[in-house]
Structures are given as C-alpha cells and as structure tokens.
Amino acid sequence: MPLRREPTERQKRLGTELRRLRDATGLKAREAGELLGVSSVQISQIESALAGVSEARLRRLAGHYRCTDGEFIDALVKLATDRTRGWWEEYRWLLPTPFLDLAELEQHATFLREVGFLFIPGPLQTEDYARAVFSYRVPELPPKELDLRVRHRMRRKQSLQATPYEAIIHEAALRIMVSDRAASRAQLDHLLQLTDAGNVTVRVISLDLEGFAGAASAMVYAGGTVPKLDTVARDAPHGTAFIDGEDQLRAFRTLFRKVESASLDPDKSRDFIHRLTKER
C-alpha cells in the first residue's frame, strides 16, 4: 500500500507506542524486523505512522516486545484497525491539520477535561462567540475560511453530546467580551443551558481567589481507552501540541487536580455565571 501523505495524530500515537515498546526491550529496528519477517525500513514506517500495521502483526510485535498488558494491547489493536471516517474528514485539506486531529481526539475520548483562562473553551462556544474569536486573527482570515472554522467548531459541539466533559473556566474568560454585549450575554446563557446536560460540568475560578498562580495551566485532557493512551492538547506558537509522555501525563493530571481544587463547585459556579448574566 502507498505510504500515508499526512498521518493523523491518532495514527502517530500508535507508532509512538510501538516504538516505546521496542525501545523498552532494547531491540533495534532491524532486529524487530527480523522477528516479524520484514525490513527495518518497514518497522520505521510503522513507527512513524507512514504505514499501518495489521492486528496479527501488532500482536506478534507485542509478544516479541514482552508486553503482557492485554488491555493495552487490545487498545493498540483498536487504534490500528479502526477504519472509521469521522465527520472531520470533510475538512481535510481545507483547514489546518491540528483542527482535524483535535476533533478526532475528542471524538474517541472516554472523558474530556478542559481548563480555559482567556477564552470560553471551544466545545462550549456559541456561533457568535466563535466567529468573533476567529475574526480577530492576524492576518485576517478570508470569509470562506472563517466560515469553515466556525462551522467546524459548531460541529465539534454536536459530537461531544455523550462524552463526560468537565470545564474549568476563569472569571476573566467569562468577563472578556470578545463580541458585543448581547453576544456575551448569549454566551453566558448558553453555558447555563449546557450545565443542564448530564455530561457537562462547569466550574469557575474567581478573580478574588488568593494564592492562585495557575494561569498557565490551560489544557485539554482527553482520556484514552486505557490511561496509557491519555493525551493532553495545548496551544503552541505554531499550532496545537499533543502531549503523551507518561511523566508528562502524570504531571498534567496533578496540575488539573490543583486547578480543580481552586475552583468553585458546580452549583456555586452556576450561581456565579447566573450573577454575571445580570450584569450584561
């Protein structure tokens, strides 16, 4: 089969995990290829996500790598064999790849936790709010691409209706009016409506909170089918950074718990947002 032109982040994750398993055994790519009956080039292509791997070969590799975690192996097999074309594929070659990778990450997540300090998290935004955010970009987006980005963001909201989702939002993000007063009020009302959904939890961090130095903690934490496959997405200077190292994930779990402990509980947060709507 031809090599992939542009592997998805999900495909890259599979290759990364296979490379980690191989590295843990001390095997070279050439040695792994000999065990599997393929060349070292093919092993490198699989690990770099330029080529796929069958379930049979993946399980043989896991055996050669002395991996005994059956649940983890099954999760890797699911990554390798899932051929579902998600809704985001209609945007391929139209929007930057990280937009698609983030949508795919969210779609397959078992749970989502998000922390926002300057903006309302994307899955909670109204159309007017999202349009105002994208319209502020420099250089200015062409009207067609602006519409695509807004439509993509609204579609992300629909795909998360059944995923357990917890958002921690700083008061600054709630107060900043990225559009006019009416749109800001509508955004706050929308947050209140979303908290009525069984899968959405919103917590607020108040500006009056003392001793809070976690303003650099913005993140999207996506739960994998097993904890080893959790992923953190963070904004980076040149796009979205996807983080999956074991030590890094452990640090972000701790960071999220610290931020969560500083936030108001869901009921008090709802009351807080309701009071803000009265100020608009």
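Quick notes on the packing of helix H6 (residues 97–108) against helix H8 (residues 143–159)
At a closest axis distance of 10 Å, the pairing of H6 and H8 adopts a crossing angle of 10°. By the angle between their axes, H6 is roughly parallel relative to H8. Between H6 and H8, the residues in contact are Phe 99, Leu 100, Leu 102, Ala 103, Glu 106 and Gln 107 and Arg 149, His 152, Arg 156 and Ser 159, respectively. Split into classes, the residues belonging to the contact of H6 with H8 amount to four nonpolar, three polar and three charged.

Digging into the packing of aromatic side chains
Pairs of aromatic rings are described using the distance from one ring centre to the other and the angle between the two planes. Counted under the stated rule, the structure contains five aromatic pairs. Arranged with centres 6.3 Å apart and planes meeting at 35°, the rings of Phe 99 and Phe 134 form a pair that is tilted. Linking Phe 99 in helix H6 with Phe 134 in helix H7 (residues 127–135), this pair joins segments that are 35 residues apart in sequence. By the burial criterion, Phe 99 is buried, and Phe 134 matches it.

Describing helix H2 (residues 29–36)
Within the sequence span of H2, burial applies to Ala 29, Ala 32, Gly 33 and Leu 36. Down the axis of H2, the buried side of the element spans an arc of 100°, and every buried residue falls inside it. Where H2 is buried, its residues meet helix H1 (9–25), helix H3 (40–47) and helix H4 (55–64). In the stretch just after H2, Gly 37 is the one whose phi turns positive, near 80°.

Quick look at the side chain of Glu 47
As for its position among the elements, Glu 47 is in helix H3. One polar contact links Glu 47 to Arg 22, side chain to side chain, over a distance of 2.7 Å.

Regarding helix H10 (residues 181–194)
Given a rise of 1.5 Å per residue, 14 residues ought to cover 20 Å, and the 20 Å separating the end C-alpha atoms of H10 matches this to within 8%. Looking only at H10, the buried set comprises Ala 183, Ser 184, Gln 187, Leu 188, His 190, Leu 191, Leu 192 and Leu 194. Buried residues in H10 make contact with H7, H8, strand E2 (165–170), helix H9 (171–175), strand E3 (200–205) and helix H12 (266–279). At the N-terminal boundary of H10, the capping side chain belongs to Asp 180, with an oxygen 3.3 Å from the backbone nitrogen of Ala 182.

Structural notes on the sheet that holds E2
The six strands are arranged E3-E2-E1-E4-E5-E6 in an open sheet whose pairing can be described as mixed. The open sheet terminates on both sides in strands that have one partner only, identified here as E3 and strand E6 (239–243). Strand after strand, the sheet turns through a mean of 15° between neighbouring axes, direction not considered. In the packing of H6 onto the sheet, contacts are made with strand E1 (112–116), strand E4 (219–222), strand E5 (231–236) and E6, and the angle to E6 comes to roughly 40°.

Some thoughts on the pattern of salt bridges
A full pass over the atoms with the stated rule returns 26 salt bridges. Here Arg 20 makes a salt bridge to Asp 244, at a shortest N to O gap of 2.7 Å. In this pair, Arg 20 is assigned in helix H1 and Asp 244 in the loop between E6 and helix H11 (246–262), connecting sequence segments 224 residues apart. Take Arg 20: its relative accessible area is 30%, and that puts it in the partly exposed class. Among the salt bridges present, the one from Arg 250 reaches Asp 247, with a minimum N-O distance of 2.8 Å. Here the residue Arg 250 and the residue Asp 247 both occupy positions in helix H11, the gap between them amounting to three residues, near one helical turn. Beyond isolated ion pairs, a larger network of salt bridges with shared partners links Arg 13, Glu 17, Arg 20 and Asp 244.

Procedures and definitions
Residues numbered from 1 in each chain as written. Predicted model: local features only at pLDDT ≥ 70, side-chain atom pairs only at ≥ 80, totals over all residues. Heavy atoms only, no water. Axes fitted to C-alpha atoms, helices over the stretch in contact; angles between N-to-C directions. Helix = DSSP H or I, 4+ residues; strand = E, 2+ residues; numbered from the N terminus. Parallel < 35°, antiparallel > 145°, perpendicular 65-115°, else oblique. Contact = heavy atoms within 4.5 Å. Nonpolar A, V, L, I, M, F, W, Y, C, P; charged D, E, K, R; others polar. Phe/Tyr/Trp six-rings, centres within 6.5 Å; stacked < 30°, edge-to-face > 60°. Buried < 20%, exposed > 50% of the residue type's maximum accessible area, 1.4 Å probe, protein only. Arc of directions from axis to C-beta. Polar contact = N/O pair within 3.5 Å; in protein donor to acceptor, adjacent residues only side chain to side chain. Expected span 1.5 Å × (residues − 1). Pairing = 2+ DSSP bridges. Salt bridge = Lys/Arg side-chain N within 4 Å of Asp/Glu carboxyl O.

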